[in-house]
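Working through the structure, step by step
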Amino acid sequence: MIQVPIKQSHVELAEIKSKEMGVLKNSVTEGDGNIAGFVGEMLVAEYIGGEVCNTYDYDVLLDGVRIDVKTKRAKFPPYPHYDCSIMGFNTSQDCDYYYFVRIKTDFTVAWLLGAYPKKLYFKDAILHKAGSIDKSNNFTFKADCYNLAIHKLKQLTKEKNGTDDYWCIHK
């Protein structure tokens, strides 16, 4: 994972975008995570050299590769065994990769955790049903959720690695 500072300009632009968007249908945080989500999109686009597009299906575009950014807020730096999540009602987005980000709740720093191809994510992730409890941390799932550990993610780069995809060869 890559730690990056968050600029005040990121937060200010995210606040504007959040107000324009309002609360999305099925938002688990009732719109409270919108600012973090927009900051995460900007940071990923800057890091990989992509363009923020902000469609329903994907958030960043890199030479035709569609990337949906999933951002969570955190009080502390994440550990490699922590999970990245995609809600069960949010599996139909037409993207090529999911890219996961954690943002410190005070908006000073973010961790670009890495990416995973959508075509493999739901096959490799663990499905937790609504109401079930994650025994590793006693978290009760409010809705169906697909989880994958951070250490299984990889970083994306702008350069192709010779195989027509954007996986870089290091984690």
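All values derive from a computational prediction rather than experimental measurement.

Let us look at the overall build of the protein. Scanning the protein from N- to C-terminus turns up three helices and 11 strands. Ordered by position from N to C terminus, the α and β elements of the protein give β-α-α-β-β-β-β-β-β-α-β-β-β-β. Here the protein holds 171 residues, and the buried ones make up 42% of them. Within the protein, counting contacts between residues at least 6 apart in sequence, those at least 24 apart form 59% of the total. Of the accessible surface of the protein, which amounts to about 9,600 Å², a share of 52% is contributed by carbon and sulfur atoms.

Below, the discussion takes up the sheet that holds strand β5 (residues 83-87). A sheet is described by the order of its strands in space; here three strands give the open sequence β5-β11-β8, paired in antiparallel fashion. Taken across any chain shown, the strands that pair with only one partner, and hence form the sheet edges, are β5 and β8 (126-128). Taken pair by pair, the neighbouring strands of this sheet meet at an average axis angle of 30°, ignoring direction. As judged from the five bridges shared by β5 and strand β11 (residues 145-149), these two strands associate in the antiparallel manner. Bridged to I86 within β11 is Y146.

This paragraph deals with the sheet that holds strand β6 (residues 97-104). What the six strands build is an open sheet, ordered β1-β7-β6-β4-β3-β2; its pairing is mixed. The strands lining the two open edges of the sheet, one partner per strand, are β1 (2-5) and β2 (51-52). Note: strand β4 (residues 65-74) against β6, eight bridges, orientation parallel. Paired with K70 across the strands is F100, a residue of β6.

The subject of this paragraph is the nonpolar core. Formed by 25 residues in total, the largest nonpolar core has its most connected members in V44, I48, I67, Y99 and V101. Elements represented by at least two residues in this core include exactly α1 (8-21), α2 (34-48), β3 (60-62), β4, β6 and β7 (109-117). When residues no more than four places from it in sequence are discounted, the contact partners of I67 are I48, Y58, D59, V60, L62, Y97, Y99 and L156. Judged by nonpolar contacts, the second largest core, of 16 residues, contains F100, W111, Y146 and L148.

The first and last C-alpha atoms of α2 sit 21 Å apart over 15 residues, in line with the 21 Å expected at 1.5 Å per residue. The buried fraction of α2 amounts to 12 of the 15 residues, a majority that puts the element mostly inside the structure. Buried within α2 are the following residues: N34, A36, G37, F38, V39, G40, E41, M42, L43, V44, A45 and I48.

Relative to the helices and strands, V4 is located in strand β1. Here the alpha-carbon distance between V4 and L43, two residues 39 residues apart in the chain, equals 8.1 Å.

The rules we used
Residues numbered from 1 in each chain as written. Predicted model: local features only at pLDDT ≥ 70, side-chain atom pairs only at ≥ 80, totals over all residues. Heavy atoms only, no water. Helix = DSSP H or I, 4+ residues; strand = E, 2+ residues; numbered from the N terminus. Buried < 20%, exposed > 50% of the residue type's maximum accessible area, 1.4 Å probe, protein only. Contact = heavy atoms within 4.5 Å. Areas by Shrake-Rupley, 256 points an atom, 1.4 Å probe, with all protein chains shown as cover. Pairing = 2+ DSSP bridges. Axes fitted to C-alpha atoms, helices over the stretch in contact; angles between N-to-C directions. Core = buried A, V, L, I, M, F, W, Y, C linked by side-chain atoms within 4.5 Å. Expected span 1.5 Å × (residues − 1).

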